[in-house]
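Remarks on the overall topology
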Amino acid sequence: MKHPLTGLGLAMLLQGSLTSMVLAQVPAVVAPAAANATSVEGTAYITRADGRQTILARGTALGVGDALSTTRNSTVRLRFTDGGETAIRPDSRITVQEYSYNREQPQGDSLILGLLKGGLRAITGSIGKRGNVDAYQLKVNTATIGIRGTDYTARLCNNDCTPATEPIARTARPNSGPPVIARLMQALGSDARARPTA
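Residues numbered from 1 in each chain as written. Predicted model: local features only at pLDDT ≥ 70, side-chain atom pairs only at ≥ 80, totals over all residues. Heavy atoms only, no water.

Another aspect to go through is the overall build of the protein chain. For the protein chain, the helix and strand inventory stands at 1 helix and 12 strands. Secondary structure of the protein chain in N-to-C order comes out as α-β-β-β-β-β-β-β-β-β-β-β-β. Within the span of the protein chain, comprising 198 residues, buried residues form 29% of the whole. In the structure as shown, the protein chain presents an accessible area of about 13,400 Å², 55% of it carried by carbon and sulfur atoms. (Helix = DSSP H or I, 4+ residues; strand = E, 2+ residues; numbered from the N terminus. Buried < 20%, exposed > 50% of the residue type's maximum accessible area, 1.4 Å probe, protein only. Areas by Shrake-Rupley, 256 points an atom, 1.4 Å probe, with all protein chains shown as cover.)

Listed below in structure tokens is the structure:
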């Protein structure tokens, strides 16, 4: 009687072992980043979709399922791949619940942020401005807000927000600039040499 690990049986065992070894060396496919942290002041944390928590640093990528938390007197500025920017206020927590952006396929755009605590200010990018106008949403514990516009501010308060009349100390909001008084949408001029028509 032949031993089961001779000939064809041994070859199949070796082939299976080699395949397992090769597959073990291939890294898992990582979903593309939704945003990158362009500025981090103070201490902020990121909790990955798989539950791992690390300190957030400038240049850290955020993906779908990630949660970002800022501590007291900390702010984070994110830049999304569609060109949008979001500034996270101190003592806040947001999640990237859904993100899809492909410059060539606007009908597939989607951005859903979850605001669990605190606040944020965002300047929207391409998502929601082309293709599906309902593609950009902000979810809070009791509502979903469809975002259609250039910029917005959202705060979720549970008797723990600083009154709106009480500004955040400048050191706690380094990402803010001087207030915008007006935005120029389109300017039309006239040629001084032009003659009025009668």
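A few words now on the pattern of salt bridges. Taken as a whole, this structure holds 7 salt bridges when the rule is applied. The residue R79 makes a salt bridge to E85 at a minimum N-O spacing of 3.0 Å. For R79, a relative accessible area of 39% corresponds to the partly exposed category. Salt-bridge contacts for R121 lead to D151; the nearest nitrogen and oxygen are separated by 3.4 Å. Taken as a pair, R121 in strand β9 (residues 110-123) and D151 in strand β12 (residues 151-156) lie far apart in primary sequence, 30 residues in all. Take D151: its relative accessible area is 30%, and that puts it in the partly exposed class. Counted as one network, the salt bridges with shared partners bring together R77, R79 and E85. (Salt bridge = Lys/Arg side-chain N within 4 Å of Asp/Glu carboxyl O.)

Glancing now at unusual backbone geometry. In this structure, N73 is a non-glycine residue whose phi angle is positive, near 65°. When you line up the elements, N73 lands in the loop between β5 (67-70) and β6 (75-80). Among the residues examined, N73 registers a relative accessible area of 47% and is labelled partly exposed. Backbone geometry at D91 places phi at a positive 55°, although glycine is not the residue there. Residue placement: D91 occurs in the loop between β7 (85-88) and β8 (93-100). The partly exposed category is assigned to D91, whose relative accessible area is 38%.

Time to look at the pairing of β7. Residues T86 and I88 point to one face of β7 and are all buried, whereas E85 and A87, pointing to the other face, are not buried. For β6 and β7, the ladder comprises 4 bridges, and the chain directions are antiparallel. Bridge assignment links V76 to a residue of β7, and that residue is I88. Hairpin geometry of β6 and β7 is characterised by an intervening segment of 4 residues between the two adjacent antiparallel strands and by a positive phi of about 100° at G83. (Pairing = 2+ DSSP bridges.)

Structurally, N102 is set in the loop between β8 and β9. In the structure, N102 is positioned 20 residues away from D82 in sequence and 8.3 Å away in space, judged by C-alpha atoms.

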